[in-house]
Amino acid sequence: MEYFFKKTFFQIDCKASFLTLESENSGWGFASENIPEGCGKRPQPDPDNAGGGREMKKILYSLIFISLVLQGFISCDKESKNEKRKDEVVVYAYDSFVNEWGPGESIAKAFQEKTGLKLSLISVGDGLKIIAKAESEKNSPIADAVVGIDNNTAEAAFKKDILVPYKPEGYDKIFPEIIMDKEARLVPYDYSYISLIWDSESGTKAPKSLEDLTKPEYEKKIILMNPKTSTPGFAFALWVKTVYGDNAASYWERIKPSILTMSPSWSTGYGLFVQGEAPLVVSYTTSSAYHLYFDKTERYKALIFQDGHILQIEGAGILKSAKNMRGAKLFMDFLISEEGQSVLPLTQWMYPSNSKVQLPDCYRISPKAEKILSPEKDISVLEEVQSQF
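An account of the accompanying structure is given in this report. (Residues numbered from 1 in each chain as written. Predicted model: local features only at pLDDT ≥ 70, side-chain atom pairs only at ≥ 80, totals over all residues. Heavy atoms only, no water.)

**Side note on the nonpolar core**
In this structure, Ile 107, Leu 119, Val 147, Leu 163, Tyr 189 and Phe 331 are the most contacted members of the largest nonpolar core, which totals 61 residues. Considering each element in turn, this core owes the most residues, six residues, to helix H11 (residues 325–336). Filtering out sequence-adjacent residues up to four positions away, Leu 163 remains in contact with Val 146, Ala 157, Phe 158, Arg 185, Leu 186, Gly 317, Ile 318, Leu 319 and Lys 320. Among the nonpolar cores identified, the runner-up in size contains 37 residues, and Tyr 218, Ala 235, Tyr 300 and Leu 373 belong to it. (Core = buried A, V, L, I, M, F, W, Y, C linked by side-chain atoms within 4.5 Å. Buried < 20%, exposed > 50% of the residue type's maximum accessible area, 1.4 Å probe, protein only. Helix = DSSP H or I, 4+ residues; strand = E, 2+ residues; numbered from the N terminus. Contact = heavy atoms within 4.5 Å.)

Shown next, in the form of structure tokens:
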């Protein structure tokens, strides 16, 4: 093939390089000089355009042939990429799922051992960013599935119409009270209660309610997350909206002096907390189990407020635009399986959704809220909260 191309381009160069107009009326012919050396016998003038026409046709046919061959190469390359994608599942996730202490690496390794497929987890921020990115790529999809869209932001994903229903193997083992969508467009893989984590050795008194957080004694002592980019941040905003209703905007004005920072993600905010930047941070009741397991301390405590609590349920789903639909379904099957779920308690630090999974002993200090609030799934709360800051 390489020899053919070289030969063809040589012929085109030899014949085209001395192609000229002989006269105004003669049409294409050959000039009588400047014939490249090695191009054979000097052609004779062709006033009837017969020879020139034949030569031009040869050039045209050669170019068409080359174009067809190149298209074949491109087609082969696409087929090769598509074949490669059959062996890979791409999943959009959030920061804490894929970082070094999250469940991502362990799940990817176990998934590949079980299925032979490579699992590529891509962090795109928290759940709200995952929805936005998946929606923007509808026509040029990259991911096959997503993890990290929770029950409080699920309606936003459903409105975008980006997910396809799928009930994975083991779906019947999920706690029925945390099922978030009857169509199974989003399938729960873990859950916990939104709470404030308090550093009991900070010298700051533990608050007992959301209203307590507005008191002067908590000035610059609370770390929140941006409700527009963080699912825990959005869940906290829903918590406020559910408790205060139409007076939520007034609450945000009162709590402003107490906020040290509003971080872009849970990972960033919680990192500041454990560094001692503030004694209070929005997180989950299960975060206290993390500190008992790794730090061997009960210093960091999850607070149960008299207001009641928002339950956060994290879900996974398959994108309608998935390039590897079969692989995406296998991923969902594995994520809900006992093998996949057993990774979550000591990496994700949430309760697994599979009722058959045993919890580690450290979870004994993680309190469960008795009063569970049911917020309206009104996405407009984002605009309301953002307008306050």
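Text resumes after the structure shown.
**Quick look at the layout of surface pockets**
Quantified by volume, the largest pocket comes out at close to 400 Å³. Taken together, 21 residues form the lining of the largest pocket, with Ser 96, Trp 101, Trp 266, Tyr 270 and Gln 348 sitting closest to its centre. Residues that form the lining of the largest pocket fall into these classes: ten nonpolar, eight polar and three charged. (1 Å grid on protein atoms, 1.4 Å probe; cavity = no way out; pocket = protein on both sides within 12 Å on 5 of 7 lines; lining within 4 Å. Points joined across faces, edges and corners; volume = space filled by probe spheres on them. Nonpolar A, V, L, I, M, F, W, Y, C, P; charged D, E, K, R; others polar.)

**Description of the pattern of salt bridges**
If you walk through the whole model with that rule in mind, you get twelve salt bridges. Put simply, Asp 161 and Lys 320 hold a salt bridge, and the shortest N to O gap is 2.7 Å. With Asp 161 in the loop between helix H6 (154–160) and strand E6 (163–164) and Lys 320 in the loop between strand E12 (309–319) and H11, this pair connects stretches of sequence that are 159 residues apart. Among the residues examined, Lys 320 registers a relative accessible area of 45% and is labelled partly exposed. In this structure, Glu 201 and Arg 299 form a salt bridge, with 3.7 Å as the shortest nitrogen-oxygen distance. One end of the pair, Glu 201, is in the loop between strand E7 (187–199) and strand E8 (222–225); the other, Arg 299, is in the loop between helix H10 (287–294) and strand E11 (300–303), and 98 residues separate them in sequence. Each of the salt bridges in this network shares a partner with another, and the network as a whole consists of Asp 181, Glu 183 and Arg 185. (Salt bridge = Lys/Arg side-chain N within 4 Å of Asp/Glu carboxyl O.)

**Let's talk about the pairing of E7**
Among the 13 residues in E7, 13 count as buried, and that is most of the element. Bridge count between E7 and E12: six bridges; the pairing is antiparallel. Bridge pairing in E12 links Tyr 191 to Ile 313. Sheet topology note: the E7/strand E10 (residues 280–284) ladder contains five bridges and is antiparallel. In the strand pairing of E10, Leu 196 is matched with Val 282. Pairing of E7 with E11, which is carried by four bridges, proceeds in the antiparallel orientation. Of the residues in E11, the one forming a bridge with Trp 198 is Lys 301. (Pairing = 2+ DSSP bridges.)

**Details of the side chain of Asp 199**
When you line up the elements, Asp 199 lands in strand E7. The exposure class assigned to Asp 199 is buried, which follows from its relative accessible area of 7%. There is a polar contact of 2.7 Å between the side chain of Asp 199 and the side chain of Arg 299. Discounting residues that sit within four places of it in the chain, Asp 199 has contacts with Phe 273, Pro 279, Arg 299 and Tyr 300. (Polar contact = N/O pair within 3.5 Å; in protein donor to acceptor, adjacent residues only side chain to side chain.)

**Looking at the environment of Pro 141**
Summarising the element assignment, Pro 141 is placed in the loop between helix H5 (127–136) and strand E5 (145–150). As for Pro 141 and Lys 320, which are separated by 179 residues in sequence, their C-alpha atoms are 9.4 Å apart. Those residues in contact with Pro 141, other than ones at most four positions away along the chain, are Ser 321 and Lys 323.

**With respect to the packing of helix H4 (residues 104–115) against H11**
Across the interface, H4 lies against H11 with an axial gap of 11 Å and an inter-helix angle of 115°. Regarding H4 and H11, the two cross each other, and that crossing is right-handed. Along the contact surface, H4 presents Ile 107, Ala 110, Phe 111 and Lys 114, while H11 presents Gly 327, Leu 330, Phe 331, Phe 334 and Leu 335. Classifying every residue of the contact of H4 with H11 by side-chain character gives seven nonpolar, one polar and one charged. (Axes fitted to C-alpha atoms, helices over the stretch in contact; angles between N-to-C directions. Left-handed = near helix turned anticlockwise from the far one by under 90°.)

The values reported here are purely geometric and, on their own, carry no functional implication.
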